[in-house]
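Residue-level listing of the chains:
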Amino acid sequence: MLSLAWLIPVFPVLAWLIIGLSGRKMQNRGSGIAIPAVLISFLFSLAVLVQVAQGQSYHTSFTWLEWPGFQITFGFQVDPLAAMMLVVVTLVSLLVQIYSLGYMQGDSHYSRYYANLSLFTAAMLTLLLADNYLLLLIAWELVGLCSYLLIGHYFRNPGVPQAANKAFLTTRVGDFGFMIALMAIFNATGTFNFQEIFALAQTGAISQGTLVLVTAGLFLGAAGKSAQFPFQVWLPDAMAGPTPVSALIHAATMVAAGVYLIARSLPLYLVVPQVMQVVAWVGGITALLAAAVGLVVNDIKKVLAYSTISQLGYMMLGLGVGAFFPGVFHLMTHAFFKALLFLGAGSVIHAVHTQDMREMGGLGRRMPYTTLAFLAGSLALAGVFPFAGFYSKDSILAAVYASGNSVLFWMGVVAAILTAFYITRAVVLTFWHQPRSQGAEQAQESSPVMTVPLLILSGFALAAGWLGADFSGNILGGFLGTEFHLPRAIHHYVTRIATVAALGGIVLAIFTYLFRWFQPSVLTQRFPQCYQLLQQAYYFDRFYNRVFVTGTIRVAEFVAWFDQTVIDGLVNAVGRLGKNLALLIAKIDILLIDGFVVGFGHSVGRAGDRVRRWQNGLTANYLLSLVWAVLISILTFKLLG
Amino acid sequence: MIPLSWVLALAGLLFGIGLLGALLSTNAVRMLICIELMLNAVNINLVAFSRYQGQAHGEIVALFAMAIGAAEAAVGLAIFVAVARNSKVIDIDKINLLKW
Amino acid sequence: MGGIDQHFDLQVIGLTGEGERSKMNLPWLSLAIILPLVGSLGIAFLPKGKTKGYKVAALAVSLLTLLLVVVIGTQVDFGQSGVQLEEVLPWLPQYGVSYHLGVDGLSYPLVFLSALLTVLAVLASWEVNYRSKAYFSLLMLLEAGLIGVFLALDYILFYIFWEVVLVPMYFLIGIWGGPRKEYAALKFFIYTLFGSVIMLVGILALYFAAGINSFNIIELTQITYSSHLQFWVFLAFFIGLAVKVPVFPFHTWLPDAHVEAPTAVSMLLAGILLKMGTYGFFRILLPTLPDASLSFAPILAVLGIINIVYGALAAMGQDDLKKMVAYSSISHMGYVLLGVAAMTPASLNGAVFQMFSHGIISALLFYSVGLIYERTHTRKISELGGLLVKIPAIGVVLAIAAFASLGLPGFSGFIAEFFVLMGAFVNFRNLVFIGGLGLVLTAAYLLWMMQRVLLGEPRVDWPQFADLKGLELVAAAPLVITAIVLGVYPALLVNLVSPAVSGILALLGGN
């Protein structure tokens, strides 16, 4: 079974090809091909997971490109990390695709949607299976393409194309760093293969400078993909895509690819602690800043988007302090509970036809399953015992605490309070109180095809954390092969703080929004600048628009003008100069050269004209001339002697 | 014997008359006569020098000149006759068809 | 005459005697040039008014040529670096001029590209009805010239083919072009003629400096020239080739020519004509003038980067779709220049790959722009919009072309640009950082273009357009497939090219 692991991404590719090539003939049958394909992939992944858990591993490769002294091999490998991620990705993808049966029903581009989802799944699976950086980059870019295509699904709506472009371009800036890293690493080692590179790095065969460049470049790519500070701007806009897409791509899988990349490359980072520091700080800052924005956003999907950014920051923070297991653990649990939250939000949006939480309310009784599922996801996100987030977030905070960087630790704790607060706020605004709009009043529970995946995911949101818990003997840690042991005292201390933080945030939000003990508007009026700062997400968008977008367009317009006017003007001027020179030469030719020839003839003629007047026909004159001639000759002879 | 200068003076006078006549006359025949005068003035010169030097060269040349002069007169007159027949004019100033 | 025959016989014997691979005694390469030439003449002598007939004839001739080129491919052993299937006939023996053809891994991809793109250009010209006899005749003449340039191994022959290409191109733009066709055609002609005349000076200088009474391109590489001479000859060749590539600041003829040229001509212009310039770098400059090449390399690299970034920025600033694509061509050719300048195996292989890949992708881009223009009768980006709603299939073709062009992995462009940058990273690390900026800019202007042309709601109340027709699909599909196949498995092309590149590197002194 394990030797067939390479087939896992092949099924979705086939689905994509079949749906894509049949075009309009497919009509609305795309899902009938895509879902079985991803189901098969999921079953394969499960089988692979089981075999990897039994200690087997898989690696296959072939020569992709070579010339003398140069060889690039491509291959697939399955290690515990990949095996775990394969299951997560195929499972979430499967559930999302089933959910989409209901959510996307009647969409005019239903089959295209499923084709894109299939391609995405295939690319994401390839990304996980890749045994080298180049193949990973290729898959990495392809998931970016799918993200672009899926964000742009409603491409006729205003603002949607811009959002798609923004996502692609922002991540592309990061990918540039990724590519630089690959160039540096290949020129230093002559291979893209993970294992070979890690082996070389650990023996010190790669210079520190190169490693810094490589790790920094990789992190740039990861930060772009995972929407880390300062690349976070694209993810909230990416919510323009269909909600299931947000769940799958912009919460559970693709955005986590950045974290996966760092986790994969952790052996490199461990050699260059200074870059590790950067990763940790960027993660911490992102976690805190994004969580703060989550407090004030009213769009339910945007709350979840900022939450995603914040949680990805947590993972980066964990990896940045060198903790492989907590980062990956949180990556896994987050994939489940964030997909759940998004799908729950999607169910709400599907029912209420708005994304603005101010127009919701009172949905608890109208949509019981959705409410239950969303609640489970929220508790997991807030990190409440015994939900999944509790264990994974806990382990990250513990790792940060153990690393001794108390600033980062407290940033994480504050972010945890904010997280608990904003998600409770979202839950209360959406599901409690009275409906605040007609849509909310008439909302009905979604069809089972949507609620069943929600309930399945709820189970994972509750239980996924247990895999990494102490009471289960940390099955996941053992599976991943990384022992993660911290002193019990630290664990207890951190657990207490984290629980207090989570409950504190929840209680605060409940008092504010459920019991309405005090009005949040008091705060926003007291500190309008702060409120605006958060509302505008620290003005990043405005800044980027002014500086990069507008600036680049201005420069481009200038270059276009410059090219047209100056460079081409110069060419044309040279051309004109040549033409005028030719005309001038032509004139000179007529005047001077030809003029000389003609002029000579003319003057001879004119001279003849003069002379011939002498020949006046009077014989006496001729005779006189003769006389004069004789006289002059005589005189001349006389004088000359 | 008459001094040479006298003879030369005569010849010069004769030549001058001929020259003036040739220059000033408009009648073609008269012009031809005047030319004959000039020719013969030269002949006189030739003969005179020949006599005074005691050599026959000059006289021989004079004889030639007379012969040529006769021939010339004949040709000249013939031309004039032809011209006169054509244009009924003998005025030398009016005979200018060959000019530019 | 007898001498020539004898020589030819010897050559044929030489061919048959070589190797155990069975090679038929046919002058394959000459046939590949003569076939389109005969086609050109044949179409010219067809009776008047048979518009369809000219098209079918041109298609048949170009398909046969393509087939012939494929057969040539089977005859060549690409594992070796030297030129093969050589044909030599003395021409002006007292001056060392000969009719000398040959093919290697460097020229074969370009010959193939010429043959392939001509077929597609004929298909893309199916709607040309104005003076179609002359049009298709000139198209065939152009193909003969292009194949000739890539096969010629004698400077004089090379130069003649080089100029032969100009003539049909001039008429194709000047007669079948847009509103400012005369200006564009004249500019193209004069500009490139100016360049090639300077190149001719270089050729002659090389000939006299070598002093072996030979115009043989290969033989002349085996002589070491003084660095002074190399400097000047390099400069002369560089200007001649730079105009063709085109290298900043010699590029301004290109946007004008593209804007005015009909679609099929644009495909050929961007697809192949530009590669004549870069082919010259590989065939002539690097092997013949290694010292000068090395000392000029930094300048070349900087010019390459300028091409990349400047072209991308200029493309972003255009409102005319075709002009935008033309500037993107300038930008992409910058990678070839950078690859040549870096002179590492990866960068040179990448540069050759880019030549081929850009030939495919730019042709596809121009074709899809042409398809849009044919329907909307405008190329102004500001007047288009929402085309994905009106003509989804054409929109998809344009999107594929755009993604291929912006270097998305899975398409050939990514492979080329990645290897060029990776190769250049060794020598010109800082320039590569700037070149990476070009990657972002390229993505930016192409995505922005797609946003304004394809996405959103249609801005104008257009009538119903016909979507992609069968014939148009046939013309576009080979390009899409080639770009994807090479993107997924680049070894198909690299295996042909890399021995030739190794040969060049060996001549460069194993740098």
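Before reading on, note that the structure itself is shown above.
Since the model is a prediction, treat every value here as computed from it, not as a measurement.

A. Representation of the overall build of chain C in the model. Looking only at helices and strands, chain C has 20 helices and 2 strands in total. Against the compact-globule benchmark of 24 Å for 511 residues, chain C has a radius of gyration of 22 Å, which places it among compact chains. Taken along the three principal axes of its C-alpha coordinates, chain C extends 70 × 60 × 45 Å. Taking all 511 residues of chain C together, the buried fraction comes to 62%. Once local pairs closer than 6 in sequence are excluded, the contacts in chain C between residues at least 24 apart make up 79%.

B. Molecular detail of helix H5 (residues 133-151) of chain A. In this model, H5(A) (19 residues) spans 26 Å end to end at C-alpha, consistent with the 27 Å of a helix rising 1.5 Å per residue. The buried fraction of H5(A) amounts to 18 of the 19 residues, a majority that puts the element mostly inside the structure.

C. Focus on the interface of chain A and chain C. Contact with chain A, which involves 40 residues of that partner, is made by 42 residues of chain C. Mapped by element, the contributors of at least two residues to the side of chain A that touches chain C are strand E1 (58-67), H5, helix H6 (160-189) and helix H26 (540-612) of chain A. At 14 residues, the largest contribution of residues to the side of chain A that touches chain C is made by H6(A). The class makeup of the residues in the side of chain A that touches chain C is 27 nonpolar, 7 polar and 6 charged.

D. Region of the structure containing the arrangement of the chains. Out of 2 pairs of chains that touch, the pair holding the most contacts is chains A and C. Considering only C-alpha positions, the minimal separation of the non-contacting chain B and chain C is 57 Å.

E. Representation of the interface of chain B and chain A. The interface of chain B with chain A comprises 8 residues on the first partner and 10 residues on the second. For the side of chain B that touches chain A, the per-class residue count stands at 5 nonpolar, 1 polar and 2 charged.

F. Layout of unusual backbone geometry. In this model, Phe229(A) is joined to Pro230(A) through a cis peptide bond whose omega is 0 degrees. Checked against the element boundaries, Pro230(A) lands in the loop between helix H8 (208-225) and helix H9 (234-237). Residues Phe385(A) and Pro386(A) are joined by a peptide bond in cis, for which omega reads 0 degrees. Note on placement: Pro386(A) falls in the loop between helix H17 (368-382) and helix H18 (388-403). With a phi close to 55 degrees, Ala227(A) is a non-glycine residue in the positive phi region. Under the C-beta neighbour-count criterion, Ala227(A) is labelled buried, with 29 such atoms within 10 Å. Although it is not a glycine, Leu85(C) sits at a positive phi angle of roughly 50 degrees. Structurally, the position occupied by Leu85(C) is in strand E1 (residues 84-92). Classification of Leu85(C) as buried rests on a count of 22 C-beta atoms within 10 Å.

G. View of the pairing of strand E2 (residues 97-103) of chain C. Residue and element names in this part refer to chain C. Summarising burial for E2: 5 of the 7 residues are buried, a large majority. Bridge analysis of E1 against E2 gives 6 bridges, and the strand direction is antiparallel. Bridging across to E2, Gln 84 finds its partner in Val 103. Between E1 and E2, which follow one another and run antiparallel, lie 4 residues, and Gly 96 among them has a positive phi close to 75 degrees.

H. Representation of the pairing of E1(A) in the model. Residues and elements named next belong to chain A. Looking at chain direction, E1 and strand E2 (residues 70-78) are connected through 9 bridges and run antiparallel. Within E2, the position partnered with Ser 61 by the bridge is Gly 75. Hairpin connection between E1 and E2: a loop of 2 residues separates the two successive antiparallel strands, and Gly 69 in this loop has a positive phi of roughly 80 degrees.

What counts as what
Residue indices begin from 1 for each chain and proceed along its sequence in written order. Chains carry letters and ligands carry numbers; both start at the beginning, A for chains and 1 for ligands, and go up in the order they are written. Under the rules for a predicted model, residues below a pLDDT of 70 receive no local features and side-chain atom pairs below 80 are neither given nor counted, while totals for whole chains, interfaces and linings still include all residues. Helix and strand definitions follow DSSP, with helices as H or I runs of at least four residues and strands as E runs of at least two, each counted in order from the N terminus. Computation of the radius of gyration draws on C-alpha atoms, with the globule rule given as 2.2 Å multiplied by the number of residues to the power 0.38. Neighbour density around each residue's C-beta defines its exposure: 20 or more other C-beta atoms within 10 Å make it buried, 12 or fewer make it exposed, and counts between make it partly exposed, where C-beta atoms are placed from the backbone. Contact between residues is assigned whenever the C-beta positions, reconstructed from backbone atoms, fall within 7 Å. A helix's residues, less one, multiplied by 1.5 Å, set its expected span. Each residue is assigned to one class: nonpolar for Ala, Val, Leu, Ile, Met, Phe, Trp, Tyr, Cys and Pro, charged for Asp, Glu, Lys and Arg, and polar for all the others, Gly among them. The rule for pairing is simple: two strands pair if DSSP sees at least two bridges between them.

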